[in-house]
Amino acid sequence: MEEEQVSAAVEESKPAEEVEKKDVTSEMKGEEYAYLGATGFTSELFKIELRGLPMHYGIGELKKLLNVKMKLSTNKIKIMKPGSPFIFICFRNQEDREAAIKTLDGYKWKGKSLSAFEAKPAPDPLVRRRKEASAADGEPMNIKRRTVEAAATSLAYLPYEQQLKQKQSEMENVLQKFGKELWTTIPTLRVFVEKQRQEHNGLPCAFEPIRPSPMQDGYRNKCEFSIGKDAQGIKRVGFRVGSYSNGFLEVEPIAHLKHIPDCMKQAVALFEEFVQSSSYEVYSAETYQGHFRQMTVRMSHATGQVMVIVGVHLQSLSPEEQQEMKTVIVECLTSEAGKKAGICSIHFEVIQKRQQGQYTNPMEHLFGDTHIEDKILGLTFRISPGAFFQINTPAAELLYQCAIDVAAPDKNTSLLDICCGTGTIGLCFARHCKQVLGVDIVDQAIKDAEYNAQRNGVENCKFFAGNSDDLITSLIRQANIVTEQQESLIAIVDPPRAGLHIRSITQLRNARGLDKLVYVSCSPQSAIKNWIDLMRPCSKQLRGDPFIAKKAIAVDLFPHTPHTELIILFEREAESKSDSLQPSGEV
């Protein structure tokens, strides 16, 4: 799992922290621990190890226990792997660390007795790898080194037809794993699973041939480029091919990569030349010094517009120096070469440690349009700097049309769009439905969705900001389905890579009258648990009738890479359809 940055505000150290810092750095000698005294603050100084954790627990549960119930001031939670019996937790000072140990040590959680104690700071992985390389003629340093082609487009060496065959096979493997876990974890479904396997070539549901991307080269409408140095020390704007943990941070050029459009390559080449001649340094993850960190480029296939977002560490630049930096950035990107690349929108992102509850960095609009626009299935969508938008626009049209086809809505259908983002899926469904009700946790995404509905003259969509875990029941009430008029309710879910929280699955299961669900997954391996929970027998928690997987379709949104989108249609058993079309739980 990813590490959770619960709070990352930089503040002046307290005297007690200084004492602790000196004690630790005196014990931890050598280059591998030099960062403890060089970075101003690191939560590695105030780390604990928590052992004795239960076999089954979720990161959400753990965070709620630590931060809400126990009110501990955690700074970072470092999980080794899902279900690990031990974790590391970092704090901002010695006082918070001692309070956490006192609270957690001996605490009973899920039948297990926890043990908590101080943990030593981790050695600097970059320095450690370099020392290993020096001792072994560089071999350990090169074990994980990849070319930029292998890192970004690992399937580019294959003809596209071969890529599709490989992806179809991989999605079949995912569905076979899904069927195997159904058979193993839900004994009551074994007869059903065996029957499905016989009918569908060993799979738990029908699986149609993969849909190829209409565009294979230059399809990406968004790329996040790193700014750093290559192996020769030349400043580059491109992709990082290593990582801090495996000992190298080189950034390599991207001009030859197949999936990046020419306008982006032109913008990158222009800004790379600017960075190389600039007096401002590129940021170093090793020294925490330097300014230029990243460059995000978004483009529209429909209009040719290009948006550039320059990410900078301000360090100690004065307001006057900051303004000067912004001015020269705009001068560079609005030059003749910038105009030729299509650059019409420039934003300035301040990269900094985020406060608790802060999900984005401060963003300032410097020049031109505040947004760009693209089209999907005849609708125009506004794209803001931080908005989620499928990165392959032509293939997104195909994906959404497949979702519409398998859902088969009609003018009596109400659609719940869970994790609706800027409303792209829901608005594409709207012309086929009575109404669409969308929910997303990001306020700006909902504002964009409302704007997009108005921009396209779509009047049968409503969007709500909030956590879907809490609002699904309310949305069902809002839908106000009338049974006598043959009205139906469908849900479409397009969650982040981690999938839906069990609370959302529970509400979808418990919603009477919701007889069809379309699950769109960008990470099918991660979604298997959600699929199984949708199909589990009734229980105290999952009171509604189970869904059944009926059909799967893979859509290739990511040519030259191993990633694939997968759509699965779930339906309730026929007898559910006679139930009252009301949610079974309270709001």
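Residues numbered from 1 in each chain as written. Predicted model: local features only at pLDDT ≥ 70, side-chain atom pairs only at ≥ 80, totals over all residues. Heavy atoms only, no water.

As annotated in an unreviewed UniProt entry, the protein is tRNA (uracil(54)-C(5))-methyltransferase from Anopheles minimus. In its Catalytic activity (unreviewed entry) section, UniProt records this for the protein: "uridine(54) in tRNA + S-adenosyl-L-methionine = 5-methyluridine(54) in tRNA + S-adenosyl-L-homocysteine + H(+)". (UniProt positions renumbered as here; feature names shortened; annotations may be inferred.)

**Q** Looking at this structure, how should I read the nonpolar core?
**A** The nonpolar side chains of a soluble globular protein tend to be buried with one another. Counting 47 residues, the largest nonpolar core has Phe178, Leu517, Trp531, Leu566 and Phe570 as the members making the most contacts within it. For this core, the leading source of residues is helix H8 (residues 160-185), giving seven residues. Here this core gathers at least three residues from each of two domains, domain 2 (158-205) and domain 4 (392-571). Setting aside residues up to four positions removed in sequence, Phe570 forms contacts with Phe178, Asp515, Lys516, Leu517, Tyr519, Trp531, Leu534, Met535, Phe547, Ile548 and Ala549. Judged by nonpolar contacts, the second largest core, of 45 residues, contains Ala395, Leu427, Cys461 and Phe558. (Core = buried A, V, L, I, M, F, W, Y, C linked by side-chain atoms within 4.5 Å. Buried < 20%, exposed > 50% of the residue type's maximum accessible area, 1.4 Å probe, protein only. Helix = DSSP H or I, 4+ residues; strand = E, 2+ residues; numbered from the N terminus. Domains from an automatic or database assignment. Contact = heavy atoms within 4.5 Å.)

**Q** How should the sheet that holds strand S21 (residues 488-493) be read in this particular structure?
**A** The strands that make up a sheet are held in pairs by hydrogen bonds between backbone atoms, and each pair lies either parallel or antiparallel. With respect to topology, eight strands assemble into an open sheet ordered S8-S23-S24-S22-S21-S18-S19-S20, the strand pairing being mixed. Strands at the two margins of the open sheet, each flanked by one partner only, are strand S8 (206-211) and strand S20 (461-465). For this sheet the average axis-to-axis angle between neighbouring strands, irrespective of direction, equals 15°. Looking at chain direction, strand S18 (residues 413-418) and strand S19 (residues 435-440) are connected through five bridges and run parallel. The residue of S19 that forms the bridge with Ser414 is Gln435. Against the sheet, H8 touches S8, strand S23 (547-555) and strand S24 (565-572), its axis set at about 155° to S8. (Pairing = 2+ DSSP bridges. Axes fitted to C-alpha atoms, helices over the stretch in contact; angles between N-to-C directions.)

**Q** Looking at this structure, I do not really get the packing of aromatic side chains. What am I missing?
**A** Two aromatic rings, taken as a pair, are described by how far apart their centres are and by the angle between their planes. Throughout the structure, instances matching the rule amount to nine aromatic pairs. Note on Phe271 and Phe292: the rings are 5.8 Å apart at their centroids and 80° apart in plane angle, and the pair reads as edge-to-face. With Phe271 in helix H10 (residues 262-277) and Phe292 in strand S12 (residues 292-299), the pair connects residues that are 21 residues apart, well separated along the chain. A single burial state applies to Phe271 and to Phe292, both of which are buried. Judged by centre distance (5.9 Å) and plane angle (65°), the ring pair of Phe274 and Phe292 falls under edge-to-face. Separated by 18 residues along the polypeptide, Phe274 in helix H10 and Phe292 in strand S12 bring together distant segments of the chain. When sorted by exposure, Phe274 lands in the same class as Phe292, which is buried. Here the aromatic cluster, defined as three or more aromatic residues joined through ring pairs, consists of Phe271, Phe274, Tyr280 and Phe292. Here the basic side chain of Arg190 rests over the ring of Trp183, its NZ or CZ set 4.1 Å away from the ring centre. Above the face of the Tyr451 ring, Arg382 is positioned so that its terminal group lies 4.0 Å from the ring centre. (Phe/Tyr/Trp six-rings, centres within 6.5 Å; stacked < 30°, edge-to-face > 60°. Lys NZ or Arg CZ within 6 Å of the ring centre and 35° of its normal.)

**Q** Help me understand the pattern of salt bridges, please; the structure alone is not making it clear to me.
**A** Where charged atoms of side chains with opposite charge meet at close range, the side chains can pair. Evaluated as defined, the whole model comprises 18 salt bridges. Residue Lys551 pairs with Glu208 through a salt bridge whose shortest N-O separation is 3.4 Å. Placement of the pair is Lys551 in strand S23 and Glu208 in strand S8, with a sequence separation of 343 residues. On the accessibility criterion, Glu208 (23% relative accessible area) is partly exposed. Arg536 is the partner of Asp533 in a salt bridge, and the nearest nitrogen-oxygen pair spans 2.7 Å. Residue class for Arg536 comes out partly exposed when judged on its relative accessible area of 27%. A network of salt bridges, in which partner residues are shared, links Glu208, Arg211 and Lys551. (Salt bridge = Lys/Arg side-chain N within 4 Å of Asp/Glu carboxyl O.)

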